[in-house]
Every structure is written in C-alpha cells, then in structure tokens.
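One-letter residues, chain by chain:
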Amino acid sequence: MSYSHIVIGAGHNGLTCAAYLAKSGAKVLVLEARSQPGGAAATEEIAPGYRVSSCAHLLYQLHPRIMLDLALDRHGLEFSAKNITTTVLAGDGAALTMLDGKATGNISEKDAQNWPIFWARMKKIARHLQPMLLMSPPRLAGRDLSQNLDLLKLGWSIRSLGREDMREFLRIAAMNVYDLAADYFDSPLIKVRISADAVLGTTLGPRSPGSVLSLLYKLTGALNGVQGAMALPKGGMGAVSGALLRAGAVRGVDLRLGQRVRRIIVADGKASGVETDTGEIIEAANVISNADIAKTMVSMVGAQHIDAGFQRDVSKIRSKGATAKLNLALSALPNFTGADAQALAGRLLLTESIEQIELAFNPAKYGQWSKHPLLEVVIPSVTDPALAPAGHHVLSAIVQYAPYQVESGWASQREPFQRDVMAHLEHFAPGIGASVVGTDLKTPADLEAQFGLPGGHWHHGELAIDQLLMLRPVAGAARYATPVENLFLCGAGCHPGGGVMGAAGYNAARAVLAKRQAA
Ligand SMILES: Cc1cc2nc3c(=O)[nH]c(=O)nc-3n(C[C@H](O)[C@H](O)[C@H](O)COP(=O)(O)OP(=O)(O)OC[C@H]3O[C@@H](n4cnc5c(N)ncnc54)[C@H](O)[C@@H]3O)c2cc1C
C-alpha cells in the first residue's frame with residue numbers, strides 16, 4: 001500500500017492533521033510509537049476498574065472549527081460536565097467559587113463586583129486574538145495572498161477591540177500576572193484563580209514577565225459556544241482523541257499503533273518516507289511529524305541533512321517542563337475542607353495565595369520541588385461514575401511545580417516527591433490518604449519517557465514571547481514546513497502551542513495541502 005501522507009505520532013494534533021488530509025481525498029497513514037493513540041490526550045486504567053485522563057484532564061481549547069468540520073459529536077465525543085465551576089480552596093475552610101463572571105465565597109464586595117468586568121475584558125481581548133490560532137505565522141519576508149488575508153483578518157480583529165481595550169491590551173501583554181491581579185483585586189483567592197490559569201503547564205511564576213499572555217492564550221478557547229468554559233469529556237480525555245480517530249477512520253486514515261519511526265528517509269534534501277523500528281520502509285509524498293522538532297530533525301532526519309544554524313536554533317529551544325501529574329484511585333469521595341457538592345463536581349485550585357504560588361515556583365528554578373505546590377484537581381468520577389467501581393472515585397491532579405531536572409534525579413526522588421504531594425493534598429482533604437487504592441505519578445521525566453513530551457513540557461516548548469509566532473518552534477520551521485522538502489511539523493511545539501486545541505494539526509494540514517496546490 002502506498003500513501004500520500006505519513007503522520008508520525010497519533011497525538012490529538014497528529015490525528016487532527018490526518019483527518020483533514022484524508023478529508024481532501026488523500027491516503028493517510030498514522031504511525032504511533034505507543035500502544036494507545038492520543039499522546040498526552042488519553043485515558044488510562046491506573047488500577048483495575050479505575051480509568052482517568054493520563055495527562056490533560058480538562059477540555060477548554062479544542063477549536064470549534066475542528067469540532068464542527070470533523071463532526072466530533074457524531075464520532076462519539078460527549079461531555080459528562082460542560083461548563084464546570086472553578087473553586088479555589090485555601091485549606092483553612094476559605095473558598096471562592098467562580099462560574100464565568102460570577103464569584104461567590106471569600107471575596108470582598110468590591111472584588112465580587114469587579115470580577116465580571118475584569119473577566120469580560122480579558123475574554124474580549126482574547127476573543128480578538130482568536131483569528132491568530134488558525135493561521136500560519138507570517139513570513140518575515142515576502143508574502144503570499146493567503147497570508148495577507150490572514151494578517152488583514154487578525155489586524156482588523158485587534159483593531160476592532162476599540163480604543164480603551166486596545167490600550168489595556170498593549171499595557172498588559174508583556175506584563176506579569178501578579179501585577180495584573182494586584183491592579184484589579186485585593187482578595188487573595190481571586191488572585192489565585194487568575195494566576196493559576198496563567199502558570200499551569202508553563203515554567204513561569206506569577207511574577208514572570210509574559211505570564212499574562214499565557215492567561216490570554218488559555219482564554220482564546222471556547223467550548224460549546226461558551227468562551228472560557230471548561231469541560232470534562234465523558235470517558236476522560238481519551239474520548240477526544242477517540243472521536244478524532246473515528247473522524248479520520250471514516251475518511252480512510254490507517255493507524256498503526258506500537259510503530260515507532262526511527263528514521264525519516266531523506267535524499268537530496270527531500271523526504272520520501274520513513275523507516276520504523278522494525279526496519280520496515282514506507283514511502284509517501286509527504287511526512288508530517290507530531291513529535292517535537294528536536295526529535296524530528298536531529299534524531300529522525302539526522303544532523304547530516306540540516307545546516308548548523310538551524311541545528312543551533314533547535315538546540316536552544318527552552319522545553320524543560322515544571323508540571324507533574326498525580327492520578328489516584330480512591331475508595332471514597334474525598335472531603336475537601338470548604339468544598340460543597342457542586343465544587344467537587346468541578347475544578348479545584350488548591351493554594352491560599354498568589355504569593356504561595358510564586359514561593360512554590362522558586363525551588364523549581366534550582367532543581368527542587370516545593371512542599372506546597374499549586375494543585376489543580378478534578379474528580380471526574382463525580383459526573384462520570386463509569387470511570388470507577390460503584391461508590392469509588394478517581395482523582396486527577398496537576399502538580400505545579402516539579403522541575404524536569406531535579407537534584408539527584410527523578411529515579412531516586414519520585415517517592416519522596418509523591419510523599420510530599422500526598423501530605424500537601426492531605427492538608428486540603430484530611431483523610432484522603434486512607435482511601436487511596438491506586439496511585440499513578442508522572443514526573444516530568446516520566447512524561448518525557450512515556451509520552452515523548454520533550455522535557456516533559458505541556459507545550460513541547462515554553463510559551464514565551466521569544467518562542468511564539470514566527471519564532472515557534474524556530475524561525476526556519478514556523479510555517480509547519482521544515483528545511484527538508486516534503487517534511488512538515490504538526491505538534492504542540494508549533495504555533496499556536498499546546499493544550500488540547502488541534503490548531504497546530506489543522507494549520508499543518510493546510511500547509512501540506514497548500515504545497516500540493518502550488519505544485
Ligand atoms: C500533565 C499534563 C497535563 C495537561 N493538562 C491539560 C489540560 O487539562 N487541558 C489541556 O488542554 N491541555 C493539557 N495539557 C497539554 C496537552 O495535553 C498537550 O499540549 C497536547 O496533548 C499535545 O498534543 P500533541 O498532539 O501536539 O502532542 P502529543 O500529545 O505529545 O503527541 C505526540 C505523539 O507523537 C508520538 N511520537 C513521538 N515520536 C514518535 C516516533 N518516533 N514514532 C511514532 N510516534 C511518535 C508520541 O508517542 C505521541 O503520541 C497537559 C499536559 C500535561 C503534560
């Protein structure tokens with residue numbers, strides 16, 4: 001069987017790219033190293049009868065265009081909860097629950113009144129940035145018609161923010177989220193909410209410059225027509241990848257699991273296929289890689305086929321993650337101090353202040369973890385009981401911060417780290433430890449080893465001003481095509497970045513198809 005396109009990796013971006021390429025009538029093969037599709041957007045069994053999202057656990061960025069074009073609802077994507085609350089718990093009983101512009105709990109009257117105004121403003125700015133998601137970053141020199149149209153659309157969108165919001169956007173864009181939160185609010189728990197949304201998944205603290213951009217990036221997402229909504233896919237995050245898989249399969253996409261690509265075949269500067277770990281050679285007109293750029297260009301293509309300047313740029317990408325994942329199988333619903341039943345069905349942010357988040361970030365800079373990390377917790381079995389045996393539960397926690405390079409190495413440090421995280425969790429949910437019947441901890445080193453995430457990084461590379469747009473992943477590959485002809489990138493390391501969004505996969509498919517039309 002010969003293929004028009006081979007996609008290396010069945011992460012959600014690889015699956016999105018494959019489905020769009022197949023939609024154009026092409027024959028597509030996806031080769032995935034793991035035994036399961038989805039990459040970091042997957043569900044796994046962590047103890048017999050307990051299933052939970054492996055890494056990503058909340059859906060808020062999946063692009064509406066992709067949902068619609070690929071009819072993901074018809075391909076089985078359902079939600080157990082569509083627009084969940086966020087509750088910040090301080091651990092001493094103080095709590096603040098938010099749903100969109102409504103905030104109730106430990107918050108001053110003034111801040112409660114300001115919150116909807118602030119949130120609407122942030123959402124408005126983010127909404128006007130949305131056209132950027134489904135466009136290739138502009139070329140630095142020489143433009144084509146479609147690029148001019150994209151830029152015009154984006155320019156018009158930003159311009160139509162209006163004078164006041166445009167001024168605010170320019171003021172806050174490069175700012176840190178600590179100062180932004182302090183500009184608008186006094187109440188500690190509302191500041192936690194704002195800064196958590198900015199720093200989760202990054203190697204930034206609330207006081208790091210550019211952290212506001214990360215908040216705006218997250219807010220560009222809209223789910224089921226509600227901007228900023230967070231949802232729990234029924235069956236865990238693997239349900240998203242499953243729907244993408246089926247959308248591709250009905251269009252003829254072939255998927256082979258457990259097939260690691262060890263080499264991309266290149267001759268005279270052109271890619272013509274791949275070689276798998278078993279030595280099988282498969283030819284194709286185009287190869288599109290969902291793996292990160294270093295793995296693709298240095299390991300799979302080989303240094304002999306790329307120039308020294310490009311290699312240097314690739315080696316400088318900052319992709320050391322600071323996020324770990326703890327999944328627990330529980331014999332009972334935990335009792336979080338200050339949380340009511342509605343809060344337990346939603347998203348919990350565990351920490352008492354924005355200062356504590358910054359303090360938790362500090363040790364990560366020096367190869368250590370904090371004993372008091374920021375935790376983002378969901379208990380998806382509350383709204384999706386099929387994930388655990390009757391009366392039992394699964395808990396999914398993102399642990400911010402755990403540095404990729406930890407002193408003495410993760411092999412010896414994962415146990416003490418897990419003990420510290422569990423002790424911290426116990427502070428917020430007394431007695432939880434006694435109900436644990438299964439534990440699955442993924443340090444950044446595990447995330448790299450098990451999922452291929454470079455440095456265990458959520459975005460395959462830091463989302464920072466110097467690694468955005470035409471500099472993402474590097475200047476010579478920012479429009480999905482690489483310096484090797486017929487070889488493209490489609491993963492989170494590309495514009496616009498990570499999160500379960502599918503935009504990089506969509507944009508890459510567009511770049512491949514544009515090349516075909518130009519030929
Ligand atoms: C702990 C954690 C929590 C997160 N939480 C959230 C969240 O709640 N919400 C959210 O929106 N985002 C979240 N994210 C981010 C999100 O999961 C990722 O950004 C996104 O899944 C990346 O998708 P991708 O398809 O680009 O790449 P990946 O998911 O990394 O997929 C790449 C695929 O390529 C395969 N591959 C690599 N090399 C080869 C090879 N040589 N041959 C064959 N296959 C290969 C890999 O096995 C993998 O399956 C989280 C990330 C982490 C790590």
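Just above sits the structure.
Notes on the structure in this doc start here. The shown structure was predicted, so the numbers you read here are calculated from the model rather than taken from an experiment. (Residues numbered from 1 in each chain as written. Predicted model: local features only at pLDDT ≥ 70, side-chain atom pairs only at ≥ 80, totals over all residues. Heavy atoms only, no water.)

### A word on the environment of Asp440
Our working rule: Labels follow the DSSP assignment, with helices taken as runs of H or I lasting at least four residues and strands as runs of E lasting at least two, numbered in each case from the N terminus. Any pair of residues with heavy atoms lying within 4.5 Å of one another is described as a contacting pair.
Following the sequence through the fold, Asp440 ends up in strand β20 (residues 436-442). With residues up to four places along the chain from it excluded, the contact list for Asp440 reads Glu44, Ile46, Lys325, Leu326 and Asn327.

### Focus: the site of the ligand
Rules: What makes a residue near a molecule or strand is one non-hydrogen atom of that residue sitting within 4 Å of it. Counted as a polar contact is a pair of N or O atoms within 3.5 Å, where, for protein atoms, one must be capable of donating a hydrogen and the other of accepting one, and residues adjacent in sequence contribute only when both atoms are in side chains. Residue exposure ignores everything except the shown protein chains as possible cover, and the areas themselves are Shrake-Rupley values with a 1.4 Å probe. Just so you know the grouping, Ala, Val, Leu, Ile, Met, Phe, Trp, Tyr, Cys and Pro go in nonpolar, Asp, Glu, Lys and Arg go in charged, and all remaining residues, Gly too, go in polar.
Taken together, 37 residues lie near the ligand, and Asn13, Glu32, Leu58, Trp458 and Gly499 sit nearest. Contact between the ligand and Ala40: an oxygen atom at 2.8 Å from a main-chain N or O atom of the residue. Between the ligand and His57, the relevant distance is 3.1 Å, taken from an oxygen atom to a main-chain nitrogen or oxygen of the residue. Protein chains shield 98% of the accessible area of the ligand, which is 1,000 Å² for the free molecule. Among the elements of the structure, α1 (12-23), α10 (293-301) and α15 (444-451) are those that each provide at least two residues to the shell around the ligand. Of the residues assigned to the shell around the ligand, the class counts are 19 nonpolar, 13 polar and five charged.

### Thoughts on the side chain of Asp420
Residue position: Asp420 is located in helix α14 (residues 410-428). Other than its neighbours up to four places away in sequence, Asp420 contacts Trp369 and Lys371.

### So, the packing of aromatic side chains
Short version of the rule: Planes of paired rings set the category: under 30 degrees apart is stacked, over 60 is edge-to-face and the rest tilted, where pairs are Phe, Tyr or Trp rings (Trp by its six-membered ring) whose centres lie within 6.5 Å. Three exposure classes are used, based on accessible area relative to the maximum for each residue type with a 1.4 Å probe and protein chains only: buried under 20%, partly exposed in between, and exposed over 50%. As a reminder, the over-ring test applies to NZ of lysine and CZ of arginine, requiring each to be within 6 Å of the ring centre and within 35 degrees of the ring normal.
Per the stated rule, a full pass over the model turns up eleven aromatic pairs. Note on Trp369 and Trp410: the rings are 5.8 Å apart at their centroids and 20° apart in plane angle, and the pair reads as stacked. Of this pair, Trp369 sits in the loop between α13 (354-364) and β18 (374-378) while Trp410 sits in helix α14, and the two are 41 residues apart along the sequence. The same class applies to Trp369 and to Trp410, which are both buried. One aromatic cluster in this structure is built from Trp115, Phe118, Trp119, Tyr184 and Phe185. A cation over a ring is seen here: Arg207 above Tyr178, with NZ or CZ 3.8 Å from the ring centre.

### A look at the environment of Leu330
Note on placement: Leu330 falls in strand β16 (residues 323-330). Residues Leu330 and Gly433, 103 residues apart in the sequence, show an inter-C-alpha distance of 8.8 Å. Not counting chain neighbours up to four residues away, the residues in contact with Leu330 comprise Tyr50, His392, His393, Leu395, Ile432, Ser435, Val436 and Val437.

### Quick word on a nonpolar patch on the surface
Put simply, the rule reads: Residues enter patches when their relative accessible area tops 30% and they take part in no salt bridge; the joining distance is 9 Å for like charges and 5 Å for the nonpolar side chains Val, Leu, Ile, Met, Phe, Trp and Tyr. What makes a salt bridge here is a side-chain nitrogen of Lys or Arg within 4 Å of a carboxyl oxygen of Asp or Glu, nothing more.
Taken together, Leu145, Leu149 and Leu152 make up a surface patch of nonpolar side chains, about 350 Å² in accessible area. Its location among the elements puts Leu152 in helix α4 (residues 145-159). Judged by relative accessible area, which is 60%, Leu152 ranks as exposed.

### As for unusual backbone geometry
Each neighbour pair has its own omega, and for Arg472 with Pro473 the value is -10°, a cis peptide bond. Summarising the element assignment, Pro473 is placed in the loop between α15 and β21 (487-489). The phi dihedral of Asp268 falls on the positive side, at around 50°, and the residue is not glycine. Note on placement: Asp268 falls in the loop between β13 (261-267) and β14 (270-276).

### Regarding the pattern of salt bridges
Counted under the stated rule, the structure contains 23 salt bridges. Among the ionic pairs, Glu376 bridges to Arg347, the shortest N-O distance being 2.8 Å. Within this pair, whereas Glu376 is found in strand β18, its partner Arg347 is found in strand β17 (residues 347-350), the two being separated by 29 residues in sequence. A residue is classified by how much of its surface remains accessible, and Glu376, at 3% relative accessible area, is buried. Residue class for Arg347 comes out buried when judged on its relative accessible area of 0%. Its salt-bridge partner being Arg414, residue Asp446 comes within 2.8 Å of it at the nearest N-O pair. With Asp446 in helix α15 and Arg414 in helix α14, the pair connects residues that are 32 residues apart, well separated along the chain. A relative accessible area of 15% means that Asp446 is categorised as buried.

In short, the description is geometric, and any link to function would need to be established separately.
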